[in-house]
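Inside the fold
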Amino acid sequence: MAGQAFLKKNLLTIALFLLNIENVFVSRPPIFWDPYHKLFSCKDPIVNVKENDLLKFVCADKDISSKPNAHSSTLHEVAYLLDYTKEQEYENCDARNHDNVLLNCTSKYMVTQHRITQNALSPDAPSFTPGKTYYVIAPSYRTSNMINNMVGGSCNDTSDGGYHLKLKVHVCTDQEIQDGDCKLCESEGCYYEACGKQCDDWIDPVDNDCYKQRLCNNTLLNTQFKEYEKIDNCQISNNPAVTTGKKTGEENNKDDSYKYMGIGIAFALIVGLVLGLVISKWHYGKKRQENFVDIERNNSKHSHINEGFQYDNRKSKVTN
């Protein structure tokens, strides 16, 4: 009864809390720690996050058995986290003075998840300060015998056709997000959408238009879209709607997938709570009805016994 009353009284509060979970802990698209991945084709790739986000690093599924000195087919790489004060070590691909390992890839599909917070729950967990940019590098190089390398490695060696395995992680402040200066990605393709961008020349505005425009496409995402830029000192206030081409392939329009997933989980939990409350109430009502029937039966039985007893008393008096 106490649990039922609590659920009934606090159901709305619980529902609102569940619906806002996605705003508290948001899982950003995973980072595939792979020197051949599109993300690292960018020059100085950067991933924006905010406080309380969850950021995943995933080991790649790559067959490197053809590489020299490869003792297995698994790509071996390590991801070292450098503090925001260590930009020079990032540029030099030097992890000798750092032991904060985000990911150690010794098998396929290994995953680590890190919460972006200033107050880490574990002393071994990294801490992140809003407004700062952190650095992640891979001084290892492809194979197991190079897994303990601390300088250079995949971070700066691209001789086999791979990319520089290094990136920046910027922790956005609330003000940066509000001002639109720190874009938070909700799809993997968003991380590198600017890397493969190629645009035509700007076309001057026509009629009463303050915006010049150009046609762009992204070879990595297989997209086509228009970009607009306002002309200085233009007094007309019309604002063109940006038209974008339809995305195709593996990055096909996944921007809202994580949000919908969070809403779906919250909705399922709410439905479960409601069903639990209904079933509990039905079970309680059925039990109460059964108890009522038992009481009625007992009362009826006692009534028959009392009537029999009174009849025996009257019979006894007549005989006397």
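Residues numbered from 1 in each chain as written. Predicted model: local features only at pLDDT ≥ 70, side-chain atom pairs only at ≥ 80, totals over all residues. Heavy atoms only, no water.

1. Here's the deal with the state of the cysteines
To keep it simple, the criterion reads: Defined by distance alone, a disulfide is two cysteine sulfur atoms within 2.5 Å. Put simply, DSSP marks the helices as runs of H or I at least four residues long and the strands as runs of E at least two long, and each gets a number from the N terminus on.
Going through the model one piece at a time under the given rule, you end up with five disulfides. In this model Cys172 forms its disulfide with Cys182; the gap between the sulfur atoms is 1.7 Å. Every disulfide takes its handedness from the sign of the S-S torsion; for Cys172 and Cys182 that torsion is -60 degrees, giving left-handed. Remark: Cys182 occurs in the loop between helix H4 (174-178) and strand E9 (197-199) and Cys172 occurs in strand E8 (residues 166-172); sequence separation between them is ten residues.

2. Focus: the packing of aromatic side chains
Using the following cut-off: Two aromatic rings from Phe, Tyr or Trp, using only the six-membered ring of Trp, form a pair when their centres are within 6.5 Å; if the ring planes differ by under 30 degrees the pair is stacked, by over 60 it is edge-to-face, and anything between is tilted. Only protein chains enter the accessibility calculation, which uses a 1.4 Å probe; a residue is then buried when its area is under 20% of its type maximum, exposed when over 50%, and partly exposed in between.
One pass over the structure, following the stated rule, counts five aromatic pairs. Measuring from centroid to centroid gives 6.0 Å for Trp33 and Phe57, while their planes differ by 70 degrees, and the two rings are edge-to-face. Placement of the pair is Trp33 in strand E1 (residues 31-33) and Phe57 in strand E3 (residues 54-59), with a sequence separation of 24 residues. Residues Phe128 and Tyr134 carry aromatic rings whose centres are separated by 5.1 Å and whose planes lie at 75 degrees to one another, so their mutual orientation is edge-to-face. Of the two residues, Phe128 and Tyr134, neither departs from the other in class, the shared state being buried. Members of the aromatic cluster, joined through ring pairs, are Trp33, Phe40 and Phe57.

3. Things to note about the pairing of strand E11 (residues 223-230)
Inclusion rule: DSSP-based pairing: two strands are paired if at least 2 bridges between them are found.
Inspection of the sheet shows strand E10 (residues 211-218) paired to E11 by eight bridges, in the antiparallel sense. Pairing of Lys212 across the sheet is with Glu229, part of E11. In sequence, E10 turns back onto E11 through a hairpin of four residues, with Asn222 there showing a positive phi of about 60 degrees.

4. Description of the side chain of Ser154
As a reminder, the rule being used: When checking whether two residues touch, look at their non-hydrogen atoms; a contact exists if any pair is within 4.5 Å.
Among the structural elements, Ser154 can be located in the loop between strand E7 (133-137) and E8. For Ser154, the residues in contact, after removing those within four places along its chain, are Glu77, Ala138, Pro139, Ser140, Tyr141, Arg142, Tyr163, His164 and Leu165.

5. Some points on unusual backbone geometry
Of note in this structure, Asp44 is not a glycine but carries a positive phi near 55 degrees. Tracing the sequence through the fold places Asp44 in the loop between E1 and strand E2 (46-50). Even without glycine at this site, Asn52 takes up a positive phi of about 80 degrees. Locating Asn52 in the fold gives a position in the loop between E2 and E3. With relative accessibility at 21%, the residue Asn52 sits in the partly exposed group.

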